[in-house]
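What follows is each chain in one-letter form.
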Amino acid sequence: MAETVLKTVDLSIQFGGLKAVQNFNIEIKKNEIYGLIGPNGAGKTTAFNIITGVYKPTSGKCYLGGKDITGLSQKDIARSGISRTFQNIRLFNNMSVIHNVMVSMSSRPEYKVNIFQSFFHTKHYFDNEKKMRDEAKELLKVFGLYGERKELASSLPYGKQRKLEIARALATNPKILLLDEPAAGMNPEETQELMNTIRLVRDRFDMTILLIEHDMKLVSGVCDEVTVLNFGQVLTSGKVEEALSNEEVIKAYLGDEDGDTGSK
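Residues numbered from 1 in each chain as written. Predicted model: local features only at pLDDT ≥ 70, side-chain atom pairs only at ≥ 80, totals over all residues. Heavy atoms only, no water.

S.K.: Help me out: how do you make sense of the sheet that holds strand E2 (residues 18–29) in this one?
M.R.: Each strand in a sheet pairs with its neighbour through backbone hydrogen bonds, running either in the same direction (parallel) or in the opposite one (antiparallel). Ordered by their spatial adjacency, four strands build an open sheet running E2-E1-E4-E5, and the pairing between neighbours is antiparallel. Looking along the sheet, the strands with just one partner apiece sit at the ends: E2 and strand E5 (67–68). Bridge count for strand E4 (residues 59–64) against E5 is two bridges, and the pairing is antiparallel. Residue pairing for E5: Leu64 is matched across the bridge by Lys67. Contacting strand E1 (4–15), E2 and E4, helix H1 (residues 44–51) runs over the sheet at an angle of about 110 degrees to E1. (Pairing = 2+ DSSP bridges. Helix = DSSP H or I, 4+ residues; strand = E, 2+ residues; numbered from the N terminus. Contact = heavy atoms within 4.5 Å. Axes fitted to C-alpha atoms, helices over the stretch in contact; angles between N-to-C directions.)

In structure tokens:
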């Protein structure tokens, strides 16, 4: 049986009187590409924010590789092995492409340098930087960004900025990668290329992926399983085709006979 990488048990969060996420249960196996879908306002990004430590849950538990990470800080959760991208691209626009990747690598224990080594640029400092640069180059080759490694991140076209953001998230060497609406703003050609990239990441890096996405073609094309949220509650979980044919899911996306979608 495949190893469970991420599991949540009755994870919930309440803001004042608003129950934003209620009893959120999900279990993701190693090497799965798992989708978290639902209408706007369903609680998907809030669930991501709880898992990654942006918010502390009101109740429930979150486990990474069997370890309880509930309520840990964002930094500690990232160190435990969760990396994510955001709806709005968050690159260091005035840094080169390769330095964007190297900055993420610097958080890893094997690339740590102390103040003395950094200030006096010791041999260890230069050896360390060379190792980081070499690894960053290999990562950029995988994403087809090697040729742009010296360019500013801001100069890349939108689709390549998305790729760079994913490469930067992978540079932290995570156990699971969380992608928040990676296809947002992409045209059909870019979306198809993104689908290929997501599969490549899973296969090349032996990676487990959880993604939020509204593009059902992408979800159907890459996801092994999905969980559907609406009003902060799980409507259904399972194979993509079965979930999308569920009557409650169809109603949540398309609305009832009066045209109310419940997605505000």
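S.K.: Explain the packing of helix H3 (residues 97–105) against helix H5 (residues 123–142) here, please?
M.R.: Between two packed helices, what matters for the description is the angle formed by their axes and the separation of those axes. At a minimum axis distance of 9 Å, the contact between H3 and H5 shows a crossing angle of 120 degrees. Here H3 and H5 pass one another in a crossing that is right-handed. Judged by residue contacts, Val97, Ile98, His99, Val101, Met102 and Met105 of H3 engage Glu129, Met132, Arg133, Glu135, Ala136, Lys137, Leu139 and Leu140 from H5. In terms of residue class, the contact of H3 with H5 is built from nine nonpolar, one polar and four charged. (Left-handed = near helix turned anticlockwise from the far one by under 90°. Nonpolar A, V, L, I, M, F, W, Y, C, P; charged D, E, K, R; others polar.)

S.K.: Looking at this model, I keep getting lost on the domain arrangement of the chain. Mind explaining?
M.R.: Accessible area lost when the parts come together is the quantity often used to give the size of an interface. Its domain assignment divides the chain into domain 1 (1–81 + 174–264) and domain 2 (92–172). Look at where the C-alpha atoms of domain 1 and domain 2 centre, and you get two points 28 Å apart. With 18 residues of domain 1 at the contact, the number on the domain 2 side is 11 residues. Of the roughly 1,200 Å² buried where domain 1 meets domain 2, counting both sides, 72% is carbon and sulfur surface. When the buried area of domain 1 at its contact with domain 2 is split by residue, Pro174, Thr197 and Phe205 rank highest and sum to 31% of it. Taken together, domain 1 and domain 2 are joined by three residue pairs in polar contact (both at pLDDT 80 or more). Sort the elements by how many residues they give to the side of domain 1 that touches domain 2 and helix H7 (residues 188–204) lands first, with seven residues. Its residues assigned to classes, the side of domain 1 that touches domain 2 comprises 11 nonpolar, two polar and five charged. (Domains from an automatic or database assignment. Buried area = accessible area lost by both parts, 1.4 Å probe. Polar contact = N/O pair within 3.5 Å; in protein donor to acceptor, adjacent residues only side chain to side chain.)

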